[in-house]
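Observations on chain architecture
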Amino acid sequence: MNDEKQRLSAEVARRRTFAIISHPDAGKTTLTEKLLLYGGAIHLAGAVRQGHGGRATTSDWMAVERERGISISTSVMQFQYGDRHLNLLDTPGHNDFSEDTYRTLAAADAAVMLIDSVKGVEPQTIKLFEVCRLRGIPIVTFVNKLDRQGRPPLDLLDEIESVLGIPCSPVHWPIGAGSGFLGVYDRWSRQIFRFERAEAGARRAPMTVASLEGDPTLVAALGSHAHAQLVEDLELLEVAGNPFDRERFLAGGVTPVFFGSAMNNFGVEPFLERFVELAPSPRPRAGTAGVVAPDGDGFSAFVFKIQANMDPQHRDRIAFLRICSGRFVRGMEARHARTGKLLTLNKSLQVLAQERTQVEEAFAGDVIGLWDPGILRLGDTLCTGPAFDFEGIPRFSPEHFVRVRLADPLKRKQYRKGMEQLADEGAVQLFYDRKRSEVDPILGVVGVLQLEVFQHRLRAEYGVDVSFDRLPYQHARWVEGEGFSPATFARSASTACIEDIEGRPVVLFETDWVLHRATTENPGLRFLSAVQPGRSPRGR
Ligand code: G4P
């Protein structure tokens, strides 16, 4: 192996690219912050939040996000832990932006599933878990908020197993709970980690390491009842617990479980220590020309996010690429598979909050931002060598629909530009009447907050005011199959037939019942709730 190849393999091997999935409020922001703290990327947790009660992490940038206290955008945080290079993909916390989360998970090699020890498995946990399962992403579970009097750990594991259907294999086990939460027992090394509180969790928590038997103060600190319970639980796990199997874990068939309190930094460091070993380095990915190895010869990457106007000072559009193979060097040329054009990748950025730094070099597993004059779309592949595509990122059927109304007809040009730009980002989906006359388009969104953000951004970034007329539909389905007659659906009062941006027919349904009836009455048609964006759009 030559030096360059050897270096590439080593760089790929030390990369870990992952996302945290959780229901809002489980502590994702807090855990993210603590991982950055232990990774040395920040020195004082809380530094990245905007004041008390702010949900703003380093990744929050938009006015709407600040006003609403939610995190919408997705960015990537890079930090080192030991010799590992971690890329933490930040996902929006709010349910209404789940499409963005789906796209981000396409760029991740592993996920941390964060569970609130008081609330257990919650609806958003289930949804996101399903996406990980579909993509075969290995999942590591972190049960948070052990400093609260939560549910017994065995109950929580039972719930994860029964609701999500994934066997749990605890690596750590909590010692005490609530105000008596003292630390965790590492079942693999048979060590205990006891923690001390440090400045409300702002700095790294001091930790002492001992064996279960070798810590004479433990029984007194825990109380004899809790101590006996701990010993009993551990014995039970030895006999009846699920064994950990690495191959099964990598295939998403078992989840290793950790416990802690992100707020107090309890358990975060020993978790991270294990996580960097457990999480896989970038894995081979399927492309249309075969499987692409991360340390293969050529460079390849796909666009999983597009964001315009991130910084009002810059007013530009950035495409985020996940590198799947090879090495990126600023100034290199790569082929844009969809158009066949050669692009020079010159303006490469790393974006964290408002800060942008130029990226000179990056490797498979990394995420880079590329300044994009409007060529790149979600799901596009860039590669050196013969062109191919990675599996696209699906588009999901919206659940809320509005007709957009432009307040000032003189602003039609900016209005068009803004809408198309925001649709390219995947912020909303645009639909048109089949005649494609000059009528205003229909917007479809998965969550209503997307509409609010859309309206706000059109005003702030394009100077255009719009209002919405709500449409009575709840479901949209792309329809495929012989004998589909749009007119049938167009005539009914409770359905409508429109087209997506690529000219594919979409039927809107007012209720579950109407959708159900349509599917049973038309067995020859397929009603799809997700599609791959087309490779050759028929124009707008
Ligand atoms: P999210 O990003 O998943 O939505 O959750 P976030 O980290 O913002 O945490 C949600 C709430 O849970 C916050 O409280 C946070 O302080 C709290 N929290 C996070 N980790 C722990 C933990 O280990 N133990 C306990 N007891 N609480 C935890 P908040 O009151 O909503 O906000 P704040 O005033 O603390 O900022």
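This one's a predicted model, so the numbers in the text were calculated from it and none came from an experiment. (Residues numbered from 1 in each chain as written. Predicted model: local features only at pLDDT ≥ 70, side-chain atom pairs only at ≥ 80, totals over all residues. Heavy atoms only, no water.)

As a further point, take the overall build of the chain. Secondary structure assignment for the chain yields 14 helices and 33 strands. For the chain, the residues scored as buried account for 56% of the 540 residues in total. Counting only contacts in the chain whose residues sit at least 6 apart along the sequence, the fraction spanning at least 24 positions is 71%. By element, 51% of the accessible surface of the chain is carried by carbon and sulfur atoms, the whole surface being about 22600 Å². (Helix = DSSP H or I, 4+ residues; strand = E, 2+ residues; numbered from the N terminus. Buried < 20%, exposed > 50% of the residue type's maximum accessible area, 1.4 Å probe, protein only. Contact = heavy atoms within 4.5 Å. Areas by Shrake-Rupley, 256 points an atom, 1.4 Å probe, with all protein chains shown as cover.)

Bringing the side chain of Arg 16 into the picture now. Here Arg 16 lies in strand E1 (residues 15-22). Of the side chains with opposite charge, Glu 277 lies nearest to the buried Arg 16, which makes no salt bridge, at 5.2 Å. Within the local environment of Arg 16, its side chain forms a polar contact with the backbone oxygen of Val 276, the two atoms lying 2.7 Å apart. (Lys, Arg positive; Asp, Glu negative; His and termini not counted. Salt bridge = Lys/Arg side-chain N within 4 Å of Asp/Glu carboxyl O. Polar contact = N/O pair within 3.5 Å; in protein donor to acceptor, adjacent residues only side chain to side chain.)

Turning our eyes to something else, we now look at helix H14 (residues 512-521). For H14, every residue scored as buried is listed here: Val 514, Leu 515 and Ala 518. Taken around the axis of H14, the buried residues stretch over an arc of 100°, which confines them to a single face. Turned more than 90 degrees away from the buried face of H14, the exposed residues are Trp 513, His 516 and Thr 520. (Arc of directions from axis to C-beta.)

Time to look at the sheet that holds strand E11 (residues 255-259). Spatial strand order, E2-E3-E1-E4-E5-E11-E6: seven strands in an open sheet with mixed pairing. Every other strand in the sheet has two partners, leaving strand E2 (76-81) and strand E6 (168-170) as the edge strands with one partner each. Taken over all neighbouring pairs, the strand axes of this sheet differ in orientation by 30° on average, direction set aside. Examined bridge by bridge, E1 and strand E4 (residues 110-116) share five bridges and lie parallel to one another. Bridging across to E4, Ile 21 finds its partner in Met 113. (Pairing = 2+ DSSP bridges. Axes fitted to C-alpha atoms, helices over the stretch in contact; angles between N-to-C directions.)

This next bit is on unusual backbone geometry. Backbone geometry follows two general trends: most residues other than glycine have a negative phi, and most peptide bonds adopt the trans configuration. Residues other than glycine seldom take positive phi values, yet Lys 145 does so here, at roughly 65°. Mapped onto the elements, Lys 145 comes out in the loop between strand E5 (139-144) and helix H6 (153-164). With a relative accessible area of 16%, Lys 145 lands in the buried category. The backbone of Arg 190 sits at a positive phi, close to 60°, despite the residue not being glycine. In this fold, Arg 190 is placed in the loop between strand E8 (183-186) and strand E9 (191-195).

Moving on, we come to helix H5 (residues 123-135). For H5, spanning 13 residues, the distance from its first C-alpha to its last is 19 Å, which sits close to the expected 18 Å at 1.5 Å a residue. Within the sequence span of H5, burial applies to Gln 124, Thr 125, Leu 128, Phe 129, Val 131 and Cys 132. Along H5, the residues classed as buried sweep out an arc of 155° about the axis, all on the same side. Set apart from the buried face of H5 by more than 90 degrees, the exposed residues are Pro 123 and Leu 134. Trailing H5 by a residue or two, Gly 136 shows a phi angle of about 65°, which is positive. (Expected span 1.5 Å × (residues − 1).)

On to the pairing of strand E25 (residues 400-406). Burial analysis of E25 places five of its seven residues in the buried class, the great majority of the element. As paired elements, E25 and strand E27 (residues 442-445) share four bridges and run antiparallel to each other. When the bridges of E27 are listed, Val 402 appears paired with Leu 443. Relative to strand E28 (residues 466-470), E25 runs antiparallel, the two being bridged by five bridges. Directly across from Leu 406, in E28, lies its bridge partner Val 466.

Per the stated rule, a full pass over the model turns up 17 aromatic pairs. Where Phe 244 meets Phe 249, the ring centres are 5.7 Å apart and the plane angle is 45°; that geometry is what we call tilted. Residue Phe 249 is classed as buried on the basis of its relative accessible area, which comes to 0%. Each residue in the set Phe 18, Phe 142, Phe 258, Phe 271 and Phe 275 is aromatic and connected to the rest through ring pairs, giving one cluster. Here Lys 347 stacks its cationic end above the ring of Trp 371, 4.3 Å away from the centre of that ring. (Phe/Tyr/Trp six-rings, centres within 6.5 Å; stacked < 30°, edge-to-face > 60°. Lys NZ or Arg CZ within 6 Å of the ring centre and 35° of its normal.)

What follows deals with the environment of Thr 255. Secondary-structure assignment places Thr 255 in strand E11. The sequence separation of Thr 255 and Thr 141 amounts to 114 residues, and the corresponding C-alpha distance is 6.4 Å. Ignoring sequence-local partners within four residues, the contact set of Thr 255 consists of Ile 139, Val 140, Thr 141, Ile 166, Pro 167, Cys 168 and Ser 169. For Thr 255, the side chain forms a polar contact with the main-chain oxygen of Ile 139, separated by 2.7 Å. At 2.8 Å, the side chain of Thr 255 and the side chain of Thr 141 are in polar contact.

Reading across from one edge, E28-E25-E27-E26-E30-E31-E29-E32 is the order of the eight strands in this open sheet, with antiparallel pairing throughout. The open sheet is flanked by E28 and strand E32 (526-528), the only strands paired with a single partner. Sheet twist, expressed as the mean angle between neighbouring strand axes with direction ignored, is 40°. Against the sheet, helix H12 (residues 449-462) contacts E25, E27 and E28, and its axis sits at roughly 155° relative to E28.

Our focus in this paragraph is the pairing of strand E14 (residues 300-308). In terms of burial, E14 is a largely internal element, nine of the nine residues being buried. Inspection of the sheet shows E14 paired to strand E15 (residues 317-325) by eight bridges, in the antiparallel sense. The partner of Gln 307 across the bridge, within E15, is Ile 318.

Here we come to the side chain of Ser 117. Assignment of secondary structure puts Ser 117 in the loop between E4 and H5. Once residues within four sequence positions are removed from consideration, Ser 117 is found in contact with Val 143, Asn 144, Lys 145, Leu 146, Arg 148, Gly 150, Arg 151 and Leu 156.

So, about the confidence of the model for the chain. For the chain, per-residue confidence averages 85 on the pLDDT scale, and 85% of positions sit at 70 or higher. Between residues 68-74, whose pLDDT stays under 50, and residues either more than four places distant or in other chains, the model counts 35 contacts. (pLDDT = per-residue confidence, 0-100.)

Looking now at the environment of Gln 532. Position of Gln 532 relative to the elements: it lies in the segment after strand E33 (530-531). Excluding anything up to four places from it in sequence, Gln 532 contacts Gly 392, Ile 393, Pro 394 and Arg 504.

What follows deals with the pattern of salt bridges. Two side chains that carry opposite charge are able to pair once their charged atoms sit near each other. Scanning all chains against the criterion turns up 28 salt bridges. Here Glu 360 and Arg 330 are joined by a salt bridge, their closest N and O atoms 3.2 Å apart. Here the residue Glu 360 occupies a position in the loop between strand E20 (355-358) and strand E21 (361-363), and Arg 330 occupies one in the loop between strand E16 (327-329) and strand E17 (332-336), the gap between them amounting to 30 residues. Note that Arg 403 is salt-bridged to Asp 433, the shortest N-O span being 3.0 Å. Of this pair, Arg 403 sits in strand E25 while Asp 433 sits in strand E26 (residues 429-433); the two residues are 30 residues apart in sequence, bridging distant segments of the chain. Salt bridges sharing partners connect three or more residues here, namely Glu 11, Arg 14, Arg 15 and Asp 366.

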